[in-house]
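Take a look at the letters that make up each chain.
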Amino acid sequence: MGLTIGVDIGGTKIAAGVVDEEGNILDTHTVPTPPTPEGIVDAICAAVSEAGKGHSIEAVGIGAAGYVDDKRATVLFAPNIDWRHEPLKDKVEQRVGLPVVVENDANAAAWGEYRFGAGQGHEDVICITLGTGLGGGIIIGNKLRRGRFGVAAEFGHIRVVPDGLLCGCGSQGCWEQYASGRALVRYAKQRAAATPENATVLLGLGDGTPEGIEGKHVSEAARAGDKVAIDSFRELARWAGAGLADLASLFDPSAFIVGGGVSDEGELVLDPIRKSFRRWLIGGRYRPHAQVLAAQLGNKAGLVGAADLARQG
């Protein structure tokens, strides 16, 4: 199969891109994300049609946040869109006249990294995305493992602290409450309130109060050497690395790939994640260690992965 289109549904924009067999994006078209479910379907179809102009397109892959059924056709539940058992594949196929595959967006990003990014050369890879929340994807034996019902790899909602912090999913103590962009900001606010003398750079980037701290402030302050910002990244990394050690006990991959906005800080967060992973890996003195790698495709991973999964059929 030749050219396919990948679609990435974001909170503010929907991006469609024409992708070749080598993972290169040849053309893109972006539209704002509408506020209604039906508007989003319309926007997906419009983006696909515009991106595909002048190209011979053979299939479309859509990355959607939420639970996607085992037939890769229906969005069973989407946390940020009012989709409940939404027959997205059928709706888009009828409009664009092409075969459509629907995939969880974190799975699509994991596949993109495995095929064309940091996962190349590995057969067994676990991907985690440290963004606003925490997502993931499982590739074992060169195959994307989605589980019997299609909703595997929701790593962010593994409970790591019994009766811990309340999560948006309704449970308590979920991993993403301790290792995510939201967690990073919470750590920074707490530390800045407790020791403002160690957060002068961080506080200066906002409105001067702990409540005014945003994620971008923590990143910038950490790069400038702010102690509270650096310690906040280390706390996030401690939880992330410990979680990877648990995943190693489950899956025994050759590599973990860490993506998402938090990972954009590179070794500032990756080095302490690796140290925490080694600290908490059961039998770590006697067993091989998986590599912990930075994702390479950035925010293109989901689009490229969705397009390639459409190619796989």
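Everything numeric in this text was worked out from a predicted model, so none of it was measured.

Undergrad: Help me out: how do you make sense of the nonpolar core in this one?
TA: Grouped burial of nonpolar side chains is what soluble globular proteins tend to show. If you look at the biggest cluster of nonpolar residues, it comprises 44 residues, and the most contacted ones within it are Leu 130, Phe 155, Leu 244, Phe 256, Ile 273 and Phe 277. Sorting elements by how many residues they give to this core places helix 7 (residues 227-251) first, with 12 residues. Residue contacts for Phe 155: discarding those within four places in its chain leaves Ile 126, Cys 127, Ile 128, Leu 134, Gly 135, Gly 136, Gly 137, Ile 138, Trp 175, Leu 247 and Phe 251. Counting residues in hydrophobic clusters, the runner-up holds 30 residues, among them Ile 9, Val 18, Ile 40 and Val 75.

Undergrad: What exactly am I supposed to notice about the sheet that holds strand 11 (residues 143-144) here?
TA: Working definition: the strands of a sheet are paired by backbone hydrogen bonds and lie parallel or antiparallel to each other. The strand order 11-10-9-12-13 describes an open sheet built from five strands, whose pairing is mixed. Two strands lie at the open edges of the sheet, namely strand 11 and strand 13 (291-294), each paired on one side alone. Strand direction decides the pairing type here: strand 12 (residues 255-259) and strand 13, joined by four bridges, are parallel. Bridge pairing in strand 13 places Ala 255 opposite Gln 291. Contacts between helix 8 (residues 267-280) and the sheet are confined to strand 9 (125-130), strand 12 and strand 13, with strand 13 contributing the most and set at about 160° to the helix.

Undergrad: Can you help me understand the packing of helix 3 (residues 105-116) against helix 9 (residues 301-312) in this one?
TA: When two helices pack together, you describe them by how their axes are tilted relative to each other and by the distance separating the axes. It is at 7 Å that the axes of helix 3 and helix 9 come closest, and there the two elements cross at 80°. Accordingly, the angle class assigned to the pair helix 3 and helix 9 is roughly perpendicular. Taking contact as the criterion, the partners of Ala 108, Ala 109, Trp 111, Gly 112, Glu 113, Arg 115 and Phe 116 in helix 3 are, on helix 9, Ala 301, Gly 302, Val 304, Gly 305, Ala 306, Asp 308, Leu 309 and Gln 312. Taken together, the residues of the contact of helix 3 with helix 9 break down into eight nonpolar, four polar and three charged.

Undergrad: Can you help me understand helix 9 in this one?
TA: The α-helix advances 3.6 residues per turn, and as a result positions three or four apart in sequence lie on the same side. Under the 1.5 Å per step criterion, the end-to-end length of helix 9 is 16 Å for 12 residues, consistent within 8% with the ideal 16 Å. Across the 12 residues of helix 9, 11 count as buried, placing the element largely inside the fold. Ala 301, Gly 302, Leu 303, Val 304, Gly 305, Ala 306, Ala 307, Asp 308, Leu 309, Ala 310 and Arg 311 are the residues of helix 9 that are buried. Once helix 9 finishes, Gly 313 follows within two positions and takes phi at roughly 85°, a positive value.

Basis of the calculations
Residues numbered from 1 in each chain as written. Predicted model: local features only at pLDDT ≥ 70, side-chain atom pairs only at ≥ 80, totals over all residues. Heavy atoms only, no water. Core = buried A, V, L, I, M, F, W, Y, C linked by side-chain atoms within 4.5 Å. Buried < 20%, exposed > 50% of the residue type's maximum accessible area, 1.4 Å probe, protein only. Helix = DSSP H or I, 4+ residues; strand = E, 2+ residues; numbered from the N terminus. Contact = heavy atoms within 4.5 Å. Pairing = 2+ DSSP bridges. Axes fitted to C-alpha atoms, helices over the stretch in contact; angles between N-to-C directions. Parallel < 35°, antiparallel > 145°, perpendicular 65-115°, else oblique. Nonpolar A, V, L, I, M, F, W, Y, C, P; charged D, E, K, R; others polar. Expected span 1.5 Å × (residues − 1).

Purely geometric stuff here, so don't read any function into it on its own.
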